[in-house]
Amino acid sequence: MLKLEHVNYEYGQGTELAVHALKDINLEIRDGEFIGLIGHTGSGKSTLVQHMNGLIRATSGTIYLDGENIYADGFSMKELRRRVGLVFQYPEHQLFEVDVLSDVCFGPKNMGLSAEEAEKEAKEALTLVGLGEEYYKRSPFELSGGQKRRAAIAGVLAMKPGVLILDEPTAGLDPQGREEILNLVASLREKTGMTVVLISHSMEDVAQYVSRIVVMNQGQIVYDGKPQEVFGHYEELEKIGLAAPQVTYALYGLKKMGLDVDTDIITLEAAADNIAAALGKYEAVSGEAGMNGESTMPEKIMRKKDGMTGKENESKDGGTMTGKDRL
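Throughout what follows, the structure given in this document is the object of discussion. (Residues numbered from 1 in each chain as written. Predicted model: local features only at pLDDT ≥ 70, side-chain atom pairs only at ≥ 80, totals over all residues. Heavy atoms only, no water.)

An order of β6-β7-β8-β3-β9-β10 is seen for the six strands of this open sheet, with the pairing classed as mixed. A single partner strand is all that each edge strand has here, and the edge strands are β6 (84–87) and β10 (220–225). Pairs of neighbouring strands in the sheet enclose a mean axial angle of 15°, with direction left out of account. Across five bridges, the pairing between strand β7 (residues 163–167) and strand β8 (residues 195–200) is parallel. Its bridge partner being in β8, Val163 is matched across the sheet by Thr195. Sitting on the sheet, helix α1 (residues 45–52) touches β3 (34–38), β6, β7, β8 and β9 (212–217), and the angle it makes with β8 is about 155°. (Pairing = 2+ DSSP bridges. Helix = DSSP H or I, 4+ residues; strand = E, 2+ residues; numbered from the N terminus. Axes fitted to C-alpha atoms, helices over the stretch in contact; angles between N-to-C directions. Contact = heavy atoms within 4.5 Å.)

This is the structure we're talking about:
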């Protein structure tokens, strides 16, 4: 477990250019949690996680790993960085060896493992990220963007961390690449049981994966809770430069228009089913089934929300679109 108590950090302390990057951070990360750390650029999230594995030392405050003060005399920073693995933004910039296997072996060797032991750990890590034997001898610079991310993540996994921190792991990737990396991270957590902290500026990306969201703004934690709880503050989030998932906006909008939808839903598929059910329930209660080609009240609500015309509200085969199609 990681625990931060009253952590503060000031860049350029004592100078005219001093910046208070972290302000009285209190945070507890329990074993096995999958946390999304969200904030706009400059909110302090990257600075925060670099404290967690000792790359930056707090100006004041204390950090505990499994009950041990990491700033106590005799505490091994090398061991801390093994147990709390950090994958930087654009991790492919960390790749440097002649081939993929050698690159992933670097961390275990640096920990003191023999070449044979390091290779064993590296191969296991590469298997976990979906890079098989055919990649072992390939130059890391010949890999695709997504494959480079996988190789870099494997380099951290090879050191067997209990906590895996990923700083914007989907930055610069296309939509398919982003989905593949996020699915990989979720799969790794399932297979290993490790704690995962995923940094992002996009709530849309992390909504369906994490069980807890921590939102930062100007060096402070402003929200900390389940995704549904945090997304409920979507208007406040907009004021600090963040946006809830589109599903959240759609559901709250429909709720305000009188449709009985569940605003706690955060995934597209579940929202589509819920909207379709709410439309059916509305028609059953109101008796509005539509006559002479006229739209029912739910249809009007959907058109008002989405700005649809009659033509746009038809499916490609000419039929009426379902709630799922509209969403």
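Pairing within the open sheet is antiparallel, and its four strands lie in the order β2-β1-β4-β5. Looking at the sheet topology across the chains shown, the edges are occupied by β2 (19–29) and β5 (68–69). Inspection of the sheet shows strand β1 (residues 2–11) paired to strand β4 (residues 60–65) by five bridges, in the antiparallel sense. Pairing of Asn8 across the sheet is with Ser60, part of β4. Together, β1, β2 and β4 form the strand contacts of α1, whose direction differs from that of β2 by roughly 60°.

Attention now goes to the packing of helix α5 (residues 145–157) against helix α6 (residues 175–192). Each pair of packed helices can be described by the angle between their axes along with the distance between the axes. The geometry of α5 relative to α6 is characterised by a closest axis approach of 10 Å and an angle of 25° between their N-to-C directions. Taken together, the axes of α5 and α6 are roughly parallel relative to one another. Once α5 is placed against α6, the crossing between them reads as right-handed. Where α5 approaches α6, its residues Gly146, Arg149, Arg150, Ile153 and Leu157 are matched on the opposing element by Glu180, Ile181, Leu184 and Leu188. In terms of residue class, the contact of α5 with α6 is made up of five nonpolar, one polar and three charged. (Parallel < 35°, antiparallel > 145°, perpendicular 65-115°, else oblique. Left-handed = near helix turned anticlockwise from the far one by under 90°. Nonpolar A, V, L, I, M, F, W, Y, C, P; charged D, E, K, R; others polar.)

This next bit is on the packing of aromatic side chains. The relative placement of two aromatic rings is captured by the distance of their centres and the angle of their planes. On inspection of all chains with the given rule, the structure shows four aromatic pairs. Each ring, one from Phe96 and one from Phe106, has its centre 5.2 Å from the other, and the planes form 85°; the classification is edge-to-face. With a gap of 10 residues between them, Phe96 in the loop between β6 and α3 (100–110) and Phe106 in helix α3 connect regions that are remote in the sequence. With relative accessibility at 46%, the residue Phe96 sits in the partly exposed group. The partly exposed category is assigned to Phe106, whose relative accessible area is 40%. Between Tyr234 and Tyr252, the aromatic rings sit 4.8 Å apart at their centres with planes inclined by 45°, giving tilted as the arrangement. In this pair, Tyr234 is assigned in helix α9 (residues 234–239) and Tyr252 in helix α10 (residues 246–256), connecting sequence segments 18 residues apart. Residue classification places Tyr234 among the buried positions, given a relative accessible area of 9%. Following the ring pairs from residue to residue traces out a cluster consisting of Tyr234, Tyr249 and Tyr252. (Phe/Tyr/Trp six-rings, centres within 6.5 Å; stacked < 30°, edge-to-face > 60°. Buried < 20%, exposed > 50% of the residue type's maximum accessible area, 1.4 Å probe, protein only.)

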